[in-house]
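Summary of the model geometry
Spelled out from the first residue to the last, the chains are:
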Amino acid sequence: MTRRAVPLGTGHYLPARIVPNAEFERSLDTSDEWIRTRSGIERRRFAAEGETTSHMAAQAARAALEHAGIGADAIDGIIVATSTPDLTFPSVATMVQSDLGMTHGFGFDVQAVCAGFVYALATANAMIVSGQAERLLVIGAETFSRIMDWSDRSTCVLFGDGAGALVLGSEAGTGTNADRGILSVDLNSDGRYRDMLYVDGGVSTTGAAGKLRMQGNALFRQAIEKLAATAETALGKIGLSGPDVDWIVPHQANIRIIQGTARKLGLPMERVVVTVQDHGNTSAASIPLALSVAVTDGRIKRGDLVLSEAIGGGLAWGAVVLRW
Ligand code: UT7
């Protein structure tokens, strides 16, 4: 018998405030047209004052638990992927734990920036497959609006806030790629690229949170190649390739990266879940947000083969293949 980490439910939360591209035209030398054509973004959500990453994460978790039809009492642990925690410590996961009224189990955060949800899924999968946990809440939640330099037009128009959650359970599989659940994972990082995307502050340097800095064009050139390669590796490990995939649920950084990766994998855009126009880049939250949207609207159905891939600061990148 092969143990599989299977999806039981998804949910998401978006802050109420919708910010259209046009709002940036008032304070920056930019245009709706530039943002749309270079990134695919039309609007994004920004958290209200006092609305924290843990608050959004807990709301997404509640929605995912409801979708799964189980209570927090049935969860063994919480893993939150975030680079924008409420506080330096404790973890967002422990805050979500108390918000959900859980006094049992464990919680911890994973930090791999935009690839965070893929890393969190890999971690959760390892825990379930090895028998350390039966049911886990895996959450991606971010308030990137709090680390924007509002005078830097090359970054501040690209990011947004939000949270998405996935409940994973344990199920016996046959060990083939026909099983439901997480079938394959591929993780990578290369710290030589650290200057391509980073935040210029932190606990052991400036003592302040800092602002996001990005060499967008250099990263763009890395992204498509690395995303297609990690996707092909993850699929290849289980004897599959691009055309076998029913849905790509990619990290939502830029529509041109999403299109270029799908093209390299030989998949038409009809099989790609795209939310970048509405959410912007929500870093570790973007994949679970897009997943929840596509499960809720009925596009992703039980038995569908789903591929998720992401790249971000580090650089860190990776892919997960799962059958819904
Ligand atoms: O989630 C983590 C991963 N993140 C990514 O993967 C992001 C990867 N990068 C990108 O998505 C794209 O590189 C961007 C959307 C950030 C930028 O698009 P680009 O086609 O690479 O543009 P560029 O950086 O080469 O800039 C082109 C021009 C520049 O002007 P000059 O030097 O050609 O005169 C920029 O100054 O566009 C200018 N520009 C803007 N113009 C109007 C940069 N930002 C803006 C702006 N509005 N907001």
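Residues numbered from 1 in each chain as written. Predicted model: local features only at pLDDT ≥ 70, side-chain atom pairs only at ≥ 80, totals over all residues. Heavy atoms only, no water.

1. Focus: the packing of aromatic side chains
As a reminder, the rule being used: Only rings of Phe, Tyr and Trp enter the pairing, Trp through its six-membered ring, and a pair is recorded when the two centres are within 6.5 Å. The plane angle decides the type: under 30 degrees is stacked, over 60 is edge-to-face, the rest tilted. Secondary structure follows DSSP: runs of H or I at least 4 residues long count as helices, runs of E at least 2 residues long count as strands, and numbering of each begins at the N terminus. Type-normalised accessible area, obtained with a 1.4 Å probe on protein chains alone, sets the label of each residue: buried when under 20%, exposed when over 50%, and partly exposed for intermediate values. Throughout this description, the term charge over a ring refers to an Arg CZ or Lys NZ atom that lies within 6 Å of the ring centre and within 35 degrees of the ring normal.
As enumerated under the stated definition, the model contains three aromatic pairs in all. Taking 5.5 Å as the distance between ring centres and 70° as the angle between the ring planes, the aromatic pair formed by Phe46 and Trp150 counts as edge-to-face. Within this pair, whereas Phe46 is found in strand 3 (residues 43-46), its partner Trp150 is found in the loop between strand 6 (136-143) and helix 6 (153-156), the two being separated by 104 residues in sequence. The class of Trp150 is partly exposed, set by a relative accessible area of 41%. Note on Phe106 and Phe108: the rings are 6.1 Å apart at their centroids and 20° apart in plane angle, and the pair reads as stacked. Accessibility expressed as a relative area gives 27% for Phe106, which makes it partly exposed. The ring of Trp317 has Lys226 lying over it, and the distance from NZ or CZ to the ring centre is 5.1 Å.

2. Some details on the pattern of salt bridges
Here is the rule we go by: Here, a salt bridge means any side-chain nitrogen of Lys or Arg that lies within 4 Å of a carboxyl oxygen of Asp or Glu.
What the rule picks out here adds up to 15 salt bridges. Glu23 serves as the salt-bridge partner of Arg17, at 3.3 Å between the closest nitrogen and oxygen. Of the residues examined, Arg17 reaches a relative accessible area of 44% and is grouped as partly exposed. Residue Glu23 is classed as partly exposed on the basis of its relative accessible area, which comes to 25%. The residue Asp278 makes a salt bridge to Arg43 at a minimum N-O spacing of 2.4 Å.

3. What about helix 3 (residues 53-68)?
Each full turn of the α-helix corresponds to 3.6 residues, which orients residues three or four apart in the same direction. What counts, and what does not: A helix's residues, less one, multiplied by 1.5 Å, set its expected span.
Look at helix 3: 22 Å from first C-alpha to last across 16 residues, which is about the 22 Å you get at 1.5 Å a residue. For helix 3, the complete set of buried residues consists of Thr53, Ser54, Met56, Ala57, Ala58, Ala60, Ala61, Ala64 and Leu65. One or two residues past the end of helix 3 sits Gly69, with phi positive at roughly 75°.

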